[in-house]
Amino acid sequence: MAGDRLLTVAPLALLLRGSQLSRANSSAHTELFLIDMLPVSVIGLKMVAAENLNLVEVAALVGDTARATMLSALMGGRSLTAKELAYYANVARSTASGHLSKLVAARLLTVIRERRFSYYRIASPLVASMLESIKVVAAIELPPRRQPGAANDDALRFARSCYDHLAGQVGVAVTDTLVAMGHIVLTDEGGEVTSSGGRFLSAWGVDLMPRSRRIFCQPCLDWSERRYHLKGLVGARILDRLLDLGWLKCVSGSRALQLTSSGRAGLSEIFQIEINNGGCANRLTMRPTTADSLG
């Protein structure tokens, strides 16, 4: 009897002791877990702070008037010297050099040195897209700050280079035509050249091969028209072709592109785009142009 009672009590005591140990271990584990989590939280906060710091640094670089002016001048896709950029920004050469050094260090610009000159350009299409997006946001204001716009503003709104592709009224009109003809499929997320589009562009003299690693076809929200034009390889090759044909020509000291008489006729014939007397580009509702009619 006593032995049986001892056998019964002993396991009970062990269970109670085990429960106490379990609670103690649980508490200890909780404390250790909280201690372990503290550095993780701190690291996470530091990571967020670092990301915000990078954002603040880039925003501060772009937000300076002189640097913003130089970046805007380079959005034409050309490489410019420090002297030229100093002229655009209306600052001293030494001041411009200091600004440019900061932009290169932040990888917003790249510099190529040839003989005695250093040529600066936008570092990548990603940087160009960021700058164009800022312009889109800056243009969202009612009423506009400046009415009416200056002559140069009107020229930029009509046709301009957006880094390496066509923007403005003409750029949007060309995009509208390609979409209406079924040559380009464009959504908010991306773009695609259809089989008919490939034949059309090829017959017009645009070579889309070989494809590089860069974006192939994508919409770019036009800051002046608030609608899409084309960027990526397709957009760049279309602008190259328009310049090669002499339909558009560059304006010295500006991103604006000037329409020539042959360009007016060519845009009407190939893209069904009519330029009215006010210099506004509108897509005509006409029979779609096929690749066969180009060749």
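These numbers were taken from a predicted model, which means no experiment stands behind them. Residue numbers here run from 1 along each chain, matching the order of that chain's written sequence. Selection of residues for local features in this predicted model requires a pLDDT of at least 70, selection of side-chain atom pairs for listing and counting requires 80 or more, and totals for whole chains, interfaces and linings are taken over all residues. Hydrogens are left out, water is left out, and the side-chain values use all remaining heavy atoms of the structure.

Peer 1: Help me out: how do you make sense of the packing of aromatic side chains in this one?
Peer 2: The geometry of an aromatic ring pair is captured by the separation of the ring centres together with the interplanar angle, meaning the angle of the planes. Only centres within 6.5 Å qualify two rings of Phe, Tyr or Trp (six-membered ring in Trp) as a pair; their planes then separate them into stacked at under 30 degrees, edge-to-face at over 60, and tilted for everything else. Considering all chains together, one arrives at 5 aromatic pairs under this definition. When the ring of F117 is compared with that of Y119, the centres are 6.4 Å apart and the planes differ by 50 degrees; the resulting orientation is tilted. Partly exposed residues are those whose accessible area sits between 20% and 50% of the maximum for their type, while under 20% is buried and over 50% is exposed, using a 1.4 Å probe and protein chains only. In this structure F117 comes out as partly exposed when scored by relative accessible area, which is 39%. By relative accessible area, which is 27% here, Y119 ends up partly exposed. A centroid spacing of 5.1 Å and a plane angle of 85 degrees characterise the contact between W204 and F271, whose relative ring orientation is edge-to-face. Within this pair, whereas W204 is found in helix α8 (residues 195–204), its partner F271 is found in helix α10 (residues 261–271), the two being separated by 67 residues in sequence. Like W204, the residue F271 is buried in the burial classification. Put simply, the rings of F200, W204, W247 and F271 touch in pairs and so form one group of aromatic residues. A ring has a charge above it when a Lys NZ or an Arg CZ is no more than 6 Å from the ring centre and no more than 35 degrees off the ring normal. For K135, the ring lying beneath its charged end belongs to W223, and the centroid distance is 5.8 Å. Note on conventions: DSSP H or I runs of at least 4 residues are helices, E runs of at least 2 residues are strands, and numbering of each starts at the N terminus.

Peer 1: Before we go on, may I ask you to explain unusual backbone geometry in this structure?
Peer 2: Note: most residues except glycine have negative phi, and most peptide bonds are trans. Non-glycine residue Y163 carries a positive phi angle of around 70 degrees. The topology assignment puts Y163 in the loop between β4 (160–162) and β5 (165–167). Phi is positive for Q272, close to 55 degrees, though the residue is something other than glycine. Mapping Q272 onto the fold places it in the loop between α10 and β12 (273–275). For Q272, a relative accessible area of 5% translates into the label buried.

Peer 1: What is the right way to read the sheet that holds strand β1 (residues 80–81) from this model?
Peer 2: Adjacent strands of a sheet pair through backbone hydrogen bonds, lying either parallel or antiparallel. Strand order in this open sheet of 3 strands is β1-β3-β2, and the pairing throughout is antiparallel. The open sheet terminates on both sides in strands that have one partner only, identified here as β1 and β2 (109–114). The criterion for strand pairing is that DSSP finds at least two bridges linking the strands in question. Summarising the sheet, β2 and strand β3 (residues 117–122) pair through 6 bridges and their orientation is antiparallel. Counterpart to V111 in the pairing with β3 is Y120. For this analysis, residues touch if any pair of their heavy atoms sits within 4.5 Å. Every axis in this analysis is a line fitted to C-alpha atoms, fitted for helices over the stretch in contact. Angles between the N-to-C directions lie between 0 and 180 degrees. Contacts from helix α4 (residues 93–105) reach β2 and β3, with the element oriented near 115 degrees to β2.

Peer 1: Is there a simple way to explain the pairing of strand β8 (residues 218–221) in this structure?
Peer 2: Remark: a regular strand shows side chains that alternate across the two faces of the sheet. Sheet analysis places β8 next to strand β9 (residues 228–231), joined by 4 bridges and oriented antiparallel. Among the inter-strand pairings, Q218 is bridged to a residue of β9, identified as K231. The hairpin formed by β8 and β9 contains 6 residues between the paired strands, and R226 there has a positive phi angle of roughly 60 degrees.

Peer 1: I keep staring at the pattern of salt bridges and nothing clicks. Help me out?
Peer 2: One side-chain nitrogen of Lys or Arg within 4 Å of one carboxyl oxygen of Asp or Glu is enough to make a salt bridge. The final tally for this structure, using the stated rule, is 4 salt bridges. Here R255 and E132 are joined by a salt bridge, their closest N and O atoms 3.8 Å apart. With a gap of 123 residues between them, R255 in the loop between β10 (248–250) and β11 (257–259) and E132 in helix α5 (residues 125–138) connect regions that are remote in the sequence. Assessed through its relative accessible area of 1%, E132 is described here as buried. Residue D222 pairs with R160 through a salt bridge whose shortest N-O separation is 2.9 Å. With D222 in the loop between β8 and β9 and R160 in strand β4, the pair connects residues that are 62 residues apart, well separated along the chain. Each member of the pair D222 and R160 is classed as buried. Each of the salt bridges in this network shares a partner with another, and the network as a whole consists of E132, R160, D222 and R255.

It is worth stressing that arrangement in space is one thing and function is another; only the former is reported here.
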